[in-house]
Structures are given as structure tokens and as C-alpha cells.
Amino acid sequence: MWGGRFTAEPDDVMQAINASIDVDRRLAEEDIAGSLAHAQMLAAVGVLTEADAAAIASGLNQVLDEIRTGRFVFSRALEDIHMNVESRLKDIIGEPAGRLHTARSRNDQVATDFRLWVKRACAAREQQITALIGVLVEGADRWADAVTPGFTHLQTAQPVTFGHHLLAYAEMLDRDRGRFADAAARMDECPLGAAALAGTGFPIDRDQTARALGFAAPMANSLDAVSARDFALEALAAIAICSQHLSRLAEEIVIWSSAQFGFVRLSDAWSTGSSIMPQKRNPDAAELVRAKTGRATGALVGLLTVMKGLPLAYSKDMQEDKSQVFEAFDALDLSLQAMTGMMATAEPDLARMRAAAAHGFSTATDLADWLVREANVPFREAHHITGRAVKAAEDCGCALWDLPLDTLQTIDARITGAVFGVLTVDASVASRTSYGGTAPVRVREQVARWRSRLAAATGDA
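Quick notes on the rules
Residues numbered from 1 in each chain as written. Predicted model: local features only at pLDDT ≥ 70, side-chain atom pairs only at ≥ 80, totals over all residues. Heavy atoms only, no water. Helix = DSSP H or I, 4+ residues; strand = E, 2+ residues; numbered from the N terminus. Rg over C-alpha atoms; globule rule 2.2 N^0.38 Å. Buried < 20%, exposed > 50% of the residue type's maximum accessible area, 1.4 Å probe, protein only. Contact = heavy atoms within 4.5 Å. Areas by Shrake-Rupley, 256 points an atom, 1.4 Å probe, with all protein chains shown as cover. Lys, Arg positive; Asp, Glu negative; His and termini not counted. Charge placed at Lys NZ, Arg CZ, Asp CG, Glu CD. Pairing = 2+ DSSP bridges. Expected span 1.5 Å × (residues − 1). Axes fitted to C-alpha atoms, helices over the stretch in contact; angles between N-to-C directions. Parallel < 35°, antiparallel > 145°, perpendicular 65-115°, else oblique. Left-handed = near helix turned anticlockwise from the far one by under 90°. Nonpolar A, V, L, I, M, F, W, Y, C, P; charged D, E, K, R; others polar. Core = buried A, V, L, I, M, F, W, Y, C linked by side-chain atoms within 4.5 Å.

Bringing the overall build of the chain into the picture now. For the chain, the helix and strand inventory stands at 18 helices and 6 strands. Relative to the 2.2 N^0.38 estimate, which gives 23 Å for 461 residues, the radius of gyration of the chain is 30 Å and therefore markedly larger than a compact globule would have. Along the first, second and third principal axes, the C-alpha atoms of the chain reach 100 × 50 × 45 Å. Within the chain, the proportion of its 461 residues that are buried is 49%. A separation threshold of at least 6 residues defines the contact pool for the chain, and within that pool the share at least 24 residues apart is 75%. Approximately 21,500 Å² of the chain is accessible, and the part contributed by carbon and sulfur atoms is 54%. Averaging the locations of the 46 positively and 59 negatively charged side chains of the chain gives two centres separated by 2 Å.

Printed below as a string of C-alpha cells:
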């Protein structure tokens, strides 16, 4: 590749540390697409003859077929995907293959390949997130009335509906979907034609190659084009945040499916057993989703560290960008598939959730709200009155709604028998009718909104 300048072969260790083909072979489709677009453009502007361009296109398509069918032999001695493809192209068509690299460098070539790959991967994750949101929305519709405990600090706080709880994750995931879309929009510029760092003196048409590769426009600065990796960092940030959201849901699945909670039963397809304890049903898929968040976060921190302090334009450090990105996208791919499968088949124990929702004096806030609304008590005073009522119920070992009226009136004479109409868990959730609240009527409104949005996103509108 650079034999004219060097007279000795590189050391074996130098070859090993320098080679990237084991990682960047995943860019084969993008690399060949970029080369096809580049050759076509060079012919259009008269830098290549039509005959050479046709030979290059034919040879590249043969290389692509060999790669797709597993017949291509990758060589570490050729370092990377670019030189592996070019070397094989020369085997097939001979001398015209050497003209393909006119007016470009491996610097703009890899930047283009990598952007194409990440842009497509972002679109694929958007689709997967949309599918998971669809599962959550259907569950929300099915369990819009199902009462379950709402927690703060993992302590019983107020009753909510299970459908409302599921839609909280739909909202988080929709923001994740938006982050991938935003990242893809910002990386929708083509580096090809920036060459090594300064552009080229050949009369190339960068708009043509950008259009051919599906980019909105060429990048406006050649130095930026070959040295920028913020598109990969932004994608990794979107992966890390999405993984955090999946991890929170995974943690809840682990808790819900435990014998102590028993809120949800995972299907056999998404559970594992024990090699020694035959009674076990382990939520291993959820635990692995939770664990893969570490890979996503690590990849983001890793690439941030690689890029920190690099001078413009290209440095070999940047060869370390792809392995982390590939691994993070792969981990999110598996996590989204696993979470979609688990949530599509999980079955809640509605009776157990309802019983748990009634524990811990979860309707205490409803008593305070009733005092404010019906007895014109300032909320802070109502809070103290309710606290004394909770203490009385705790002392006698009963629920708030089981306290005798005379006991409540001893605490505050303004309490009447009408209060018992708001102290059940069903009355509590039904009363939370503010926009975004847990009331079944609001949950069903949100389900309708989500179905409309999902239909638009999938083209079924």
C-alpha cells in the first residue's frame, strides 16, 4: 500500500495492532456502496473513463456477492475493509482497480462508511423501539383498570393503574426514539470527497455522491469531515439513555416476578431454571438487559476518552471508534428484542397487585385531599390530620377505610361519613383525572393517542 516509501516489512506486532479488519469488515456493504458512488461520480466528471467505471462497478458487485455468500477471504495483512476490497477488485479487473482511489483517501472513505452504518443502525433501533412501545400500549389498554401499588423510594405511595405504569415507559422510549432520529438527522452529511483532510484538486461532484449514498448534503469542511466522530458519540449517548430506561423496566420485572411480590409471571420462553434448585424460575433475560446497560455506558465513556484531546484532523486513535459502537448497537438490539418478548407474554396477577395496592395506607393522600376539598382545610393542616389518622390505623392494625367514623372524628370533627367514598383504591385511582393522571379514563385516552402516533410512525395511518 505504501511500498514506495518503505523498504522493510512492518513488525508482526505492528501488523497486529494496526489491523482493523476483524472489526471493520462489518462495513463491507457501506464501503462498496461508497466506492460505487465514487466511481460513478468520477466517470460523470470525466476523471474516469466509462469503460473503467463499468469495470469497477462490475468488479465491486462481484466482491459484494462474495462477501454476502461467505466466499470472500479477508486478510489481516491488508489491514482494513477498504484495502481488502480494493485488493480483491484488482484481482478481478486488474489495472482499472488502481484508479478507484483517485480523489479520495481512506480518511474520508472510513468516515463515510461509518456514518452510513450508524445512520442505518439508528433507523433500525427506532423501529425496534416503536415495536416495544406498541406492546406496552396494548398492555396499557388491557390493564387500564388494573390497580397496582405506586411506589416512591420502593415504599407504597399511592395506588395507580398498571396500564398507567406501562405508559410511563412508552413515554421514556418515545424520547429515546426521538434521540435516535435527531442523531440520524445531524449525521446526514457526507464526508466523501474531503480526501485525506484538505479536499482534492480533481473536479469532483460531492453533491452527486452525497445524493447517491442517501445523504442530505456533503459536509462543508474537509477537516471536520474526516475528524468528526460526534455522530458516533451522539448515537452512543442515545443507546446509553435507552439502555438505562430498559434497565429500569428490567429491574421492575425482576422485582415483580419475585416470590415476595408475585405481581407478574414471565412465560417459560423468557424464564430459566436452576441446575440444582428445581423450583426456580429466574428472570435471566431481564437481568441481562439490566447488565448490558454497562456495555452501553462503557462504550460511550470509552469513545469520549479516545476522542478527547485529538488534534485535527485524523489520528490512528480513531480506529478504536467502531468496535465500541458496534458492540453497543448489538447490545441494544438484543435488549430491545428481549424486552419486547418479555412484555408481550408477561401476565400480571391482578388480584395480588390490587391487594398490595391497599397496603401501606396508600390512600392517605385521598383523605388529605378530601379535607381540603370538602372541609376547606389548608393542605398542610390536612396533611397533619391525615398523619394522625394513619397512626391510629397503624395502632389498631387496620386499613384507613376500616377506622370507625367516631375515631376519625376524634382526630378531627370536620370528618364525615362521606370520606369513606374516597378511601378505596378504586376511588383513589378514579379520582386522578388530571391530564397525565392514572385514572382509567385518562389511561384510555392516552392509549388512543398512542395508537394514532404508532400508526403514523409505521405508515398504517
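With that settled, consider the pairing of strand β2 (residues 155-161). As paired elements, strand β1 (residues 147-152) and β2 share 6 bridges and run antiparallel to each other. Across the sheet, the residue bridging to Thr148 is Val160, located in β2. Linking β1 back to β2 in an antiparallel pair, the connection comprises 2 residues, with His153 at a positive phi of about 60 degrees.

This brings us to helix α18 (residues 440-458). For α18, built from 19 residues, the straight-helix expectation of 27 Å at 1.5 Å per residue is met to within 8% by its first-to-last C-alpha distance of 26 Å. Within the sequence span of α18, burial applies to Pro440, Val443, Gln446, Val447, Trp450, Leu454 and Ala455. A positive phi of about 80 degrees marks Gly459, the residue just after α18.

How two helices sit against one another is set out by the angle between their axes and by the gap between those axes. Running from N to C, helix α7 (residues 162-186) and helix α10 (residues 230-256) cross one another at 165 degrees; their axes reach a closest spacing of 8 Å. Judged by the angle between their axes, α7 and α10 are roughly antiparallel. For the crossing formed where α7 meets α10, the hand is left-handed. Within the contact between the two elements, α7 uses Phe162, His165, Tyr169, Met172, Leu173, Asp176, Arg179, Phe180, Asp182, Ala183 and Arg186 and α10 uses Glu234, Ala235, Ala238, Ile239, Ile241, Cys242, His245, Leu246, Arg248, Leu249, Glu252 and Trp256. Its residues assigned to classes, the contact of α7 with α10 shows 14 nonpolar, 2 polar and 7 charged.

Checked against the element boundaries, Thr148 lands in strand β1. Since its relative accessible area comes to 4%, Thr148 is described here as buried. Counting along the chain gives 16 residues from Thr148 to His164, while the straight-line C-alpha distance between them is 9.7 Å. Those residues in contact with Thr148 that sit more than four places away from it in its chain are Gln158, Pro159, Val160, Thr161, Phe162, Phe263, Met353 and Ala357.

A separate point is the nonpolar core. Formed by 94 residues in total, the largest nonpolar core has its most connected members in Val118, Phe180, Leu246, Val325, Phe329 and Met339. Counting residues per element, this core draws most heavily on α10, which supplies 15 residues. Other than its neighbours up to four places away in sequence, Phe180 contacts Cys122, Arg125, Glu126, Ile129, Ala235, Ala238, Ile239, Cys242, Phe329 and Leu332. Counting residues in each nonpolar core, the second largest holds 21 residues, with Leu367, Val377, Ile385 and Ile411 among its members.

Shape is all these values report; function is a separate question.
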